[in-house]
Amino acid sequence: MGEVHLRLYPNAFSSSGGQIEVLSVSLPGRNSTSGVGGPDDTVLEVSLDPPVAHGERVTIEIEFTVHVPEVDDRFGRSEGVLALGNWFPILSVLRNGSWVDHPYFHDGECFFSESSDFLVELVVPGDLVVAATGELTSESRLGDGRVVQTWVAHGVRDFALVASPRFEVSRERVGGVTVYSYYLPEHAEGGKRVLEYAVNAIRVFSEHFTPYPFSAFRVAEVHGWFGGMEYPQLIMVSSSFYEGDERTLEMIVAHETAHQWWYSLVGNDQWEEPWLDESLAEYSQILYFEWVYGPENAEAAFWDFVGNPYRFYIDSGEPALPVAVSVGEVSDAPGRYRAAVYLRGAWALRMLRGILGDESFFRALRVYAEENAFGVATGEDLVSAFEESWGGDLDWFFEEWVYWGCVPSYRVAGVGRVAERSWMEVYQSLEGCDGGAPKSMPVEFEVDPCGRVASWINSTWVNVSLPEGCEPEVVLPDPDDEIPGADFGWSARSDGVPATPGGGSPGGSSSREWTSPVSMVLILAGTALTLAFAIWLGRTRSRASSESWSSQEEMYGAAAGI
């Protein structure tokens, strides 16, 4: 190997005054040259002379100065709080003989790194309260009032810290883990709630995924434009949520804590396959509500934070992109990035759980976590874990819902009867795309007064048999909205004469179209929303309404966790 690449992410903040100034680079016992380049000057290229052989070790000494911008961000300083995320030269990943140097993505993650060991010595003012990755192993005072802190972390992908002289700290033990909450004094009540949420999240995720592998976990309040941001053993939560809707704050903490498994423990290329950590974290936040408060609470949380926002997005005319988009495909459209990777990804996992059943689904997540712990996983690894657990091929599901876009729309075109046997004709079209093959999914139908009927719908037109003697009056496809997409039901004609099949087009003249109650509410509500509002709405209330938002900013912010 003749060269090494390290990432200089602070240079992506040059427009606001951020920079990492490399003062010197040296390799004891070797000749070397170095230069800064790559996207936004975020790559430090260091030559190795002579080249490093396989298994050989090399030491690179870098002297640098970091200029922290005055911005509300994961890397910035604002109102007495310092947030240092992605702040030092960190080794790129060598993949297939080439260094991976993705551009910086301000609206999400682009980070990709291997697990490493860190020993960091900080010299800080004596009144500064520091939250960082790892464990504080020693602390000593200097004569000038400063403090020397030594932080040690093993098997982590990054080292981040948040600091403020105004921080107050609460802590609690759960199992063998000490959970810390760092918050500003004016947000003490919210900071203590955050501690409760984080303790709950560490507990339930450890029980259901695999035990949290470290002895400390920290949540720190920052001033940020986002909801939350994850780092190993440390998450940042934006100050604006500490006094807002408690449920949204809890969602943010649950989502970012889930990243301790999906990103920190099991790594992935966040530029090429962002769905591997974000889709899993987004669905894990729903599982959090289920495991802490019960299934009904989780169902409400799903519609608040995933289902309704995605339906509004589709109803606004935006494309139903695949879950497995790369950041490069949507870097100029953060609304589409969020809808595909977070919302559609979480919905797809929810559907997969319904198909596999709980035992197979959660066994697969445990297998995925344990087999890829401290390594870097790919989409193939996750698919293999589900197939291994279920004992069958799942390529069809992942191709249709993860690697391909569109959402299906089911329309009951008509109902017919021959002797005592009734059947209905179901038409499947695709929304949010320019066309493609029909999807294959098990679909439930609410047949009044005959109960529910389930059938696989796997082509454009499908005939579905109804129970013997059934004389349906109303048929609603997918009544619980398990599958995204607008659906249209059927009813008998007003004179009570059963409708006949619709012939060559959905919804023939002898039938009357009925939308599901959810679709009707969404269509009505959607007319009053702008496109941007539809994309970023965090908590609409068509399915699970119990409280309202106090401001439009809260609605936007609920969807802004990264």
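Residues numbered from 1 in each chain as written. Predicted model: local features only at pLDDT ≥ 70, side-chain atom pairs only at ≥ 80, totals over all residues. Heavy atoms only, no water.

Draft legend 1. Broad picture of the nonpolar core. Within the largest apolar cluster, 153 residues are counted, with the highest numbers of intra-cluster contacts made by W262 and F386. For this core, the leading source of residues is helix α6 (residues 334–356), giving 13 residues. Residues in contact with F386, not counting those within four places in the same chain, are L349, L352, L356, F361, A364, L365, L394 and F398. V4, L6, V25 and L44 belong to the second largest nonpolar core, which has eleven residues in total. (Core = buried A, V, L, I, M, F, W, Y, C linked by side-chain atoms within 4.5 Å. Buried < 20%, exposed > 50% of the residue type's maximum accessible area, 1.4 Å probe, protein only. Helix = DSSP H or I, 4+ residues; strand = E, 2+ residues; numbered from the N terminus. Contact = heavy atoms within 4.5 Å.)

Draft legend 2. Layout of the confidence of the model for the protein chain. When the pLDDT values of the protein chain are averaged, the result is 89; 88% of them are 70 or greater. Note that pLDDT drops below 50 for residues 494–560; the model gives that stretch 148 contacts with residues more than four away or on any other chain. (pLDDT = per-residue confidence, 0-100.)

Draft legend 3. Structural context of the state of the cysteines. This structure, assessed with the given rule, holds two disulfides. The partner cysteine of C406 in its disulfide is C433, sulfur to sulfur 2.0 Å. On the S-S bond that ties C406 to C433, the torsion sits near 115°, and the link is right-handed. Here C406 is found in the loop between α9 (395–401) and β21 (407–418), whereas its partner C433 is found in the loop between β22 (421–431) and β23 (441–448), with 27 residues between them in sequence. When its relative accessible area of 28% is taken as the criterion, C433 is described as partly exposed. (Disulfide = S-S within 2.5 Å.)

Draft legend 4. The arrangement of the sheet that holds strand β19 (residues 228–231) in detail. Taken in spatial order, the five strands line up as β16-β17-β18-β20-β19 in an open sheet, and their pairing is mixed. Only two strands of the sheet have a single partner each, and these edge strands are β16 (168–174) and β19. Strand-to-strand twist in this sheet, taken as the mean axis angle between neighbours without regard to direction, amounts to 15°. Lying on the sheet, helix α2 (residues 246–258) is in contact with β18 (216–222), β19 and β20 (234–238); it crosses β20 at an angle near 155°. (Pairing = 2+ DSSP bridges. Axes fitted to C-alpha atoms, helices over the stretch in contact; angles between N-to-C directions.)

Draft legend 5. Inspection of the pattern of salt bridges at higher detail. Within the structure shown, the criterion is met by 22 salt bridges. Where D144 meets R146, a salt bridge forms, and the shortest distance between an N and an O atom there is 2.6 Å. Residue R146 is classed as partly exposed on the basis of its relative accessible area of 38%. Between R452 and D480 there is a salt bridge; the shortest N-O distance is 2.7 Å. Separated by 28 residues along the polypeptide, R452 in strand β24 (residues 451–457) and D480 in the loop between β26 (474–477) and β27 (488–491) bring together distant segments of the chain. The partly exposed category is assigned to D480, whose relative accessible area is 27%. Members of the salt-bridge network, linked through shared partners, are E444, E446, R452 and D480. (Salt bridge = Lys/Arg side-chain N within 4 Å of Asp/Glu carboxyl O.)

Draft legend 6. Just the packing of helix α3 (residues 275–293) against helix α4 (residues 295–315), in detail. For the pair α3 and α4, the least separation of the axes is 7 Å and the interaxial angle reads 155°. One finds that α3 runs roughly antiparallel with respect to α4. Read as a crossing pair, α3 and α4 show a hand that is right-handed. In contact with E282, Q285, I286, F289, E290 and Y293 of α3, α4 contributes P295, N297, A298, A301, F302, F305 and V306. (Parallel < 35°, antiparallel > 145°, perpendicular 65-115°, else oblique. Left-handed = near helix turned anticlockwise from the far one by under 90°.)

Draft legend 7. Representation of the side chain of E230 in the model. Take E230: it is sitting in strand β19. It turns out E230 is buried and unbridged, and the closest side chain with the opposite charge, R74, is 6.9 Å from it. Contact partners of E230, with chain neighbours within four places excluded, come to E109, I235, E256, H259, Y263, Q270, D277, E278 and I562. (Lys, Arg positive; Asp, Glu negative; His and termini not counted.)

Draft legend 8. Broad picture of the pairing of β23. Alternating residues of β23 divide into M441, V443, F445 and V447, all buried, and P442, E444, E446 and D448, none buried. Pairing between β23 and β24: seven bridges, direction antiparallel. Within β24, the residue paired with V447 across the bridge is G451. Between β23 and β24, which pair antiparallel in sequence order, lie two residues. In terms of strand pairing, β23 meets β26 through four bridges, oriented antiparallel. Bridged to F445 within β26 is P477.

Draft legend 9. Fine view of α3. In this model, α3 (19 residues) spans 26 Å end to end at C-alpha, consistent with the 27 Å of a helix rising 1.5 Å per residue. In terms of burial, α3 is a largely internal element, 16 of the 19 residues being buried. Following α3 by one or two positions, G294 has its phi on the positive side, about 115°. (Expected span 1.5 Å × (residues − 1).)

Draft legend 10. Seen up close, the sheet that holds strand β12 (residues 129–132). The antiparallel open sheet is built from four strands, whose spatial order is β6-β7-β15-β12. Both outer strands of the open sheet, β6 (75–78) and β12, are each paired with one neighbouring strand and no more. Geometrically, the sheet is characterised by an average inter-axis angle of 10° between neighbouring strands, direction not taken into account. In this sheet, strand β15 (residues 161–164) lies alongside strand β7 (residues 81–84) in antiparallel orientation, the contact comprising three bridges. Its bridge partner being in β15, L84 is matched across the sheet by L161.

Draft legend 11. Quick peek at helix α7 (residues 358–371). Relative to the 20 Å expected for 14 residues at 1.5 Å per residue, α7 spans 20 Å between its end C-alpha atoms, a close match to the ideal helical length. Along α7, the positions that sit buried rather than exposed are S360, F361, F362, A364, L365, V367, Y368 and A369. Buried residues along α7 sit against α1 (188–208), α3, α6 and α8 (379–390).

Draft legend 12. Geometry of unusual backbone geometry. Geometrically, the link from D49 to P50 is a cis peptide bond, its omega value of 5° lying close to zero. Assignment of secondary structure puts P50 in the loop between β4 (43–47) and β5 (61–67). With an omega of 15°, the peptide bond between D448 and P449 qualifies as cis. Note that P449 resides in the loop between β23 and β24. With a phi angle near 55°, N96 is a residue other than glycine that sits in the positive phi range. Phi is positive for D478, close to 45°, though the residue is something other than glycine. Inspection of the secondary structure puts D478 in the loop between β26 and β27. Judged by relative accessible area, which is 3%, D478 ranks as buried.

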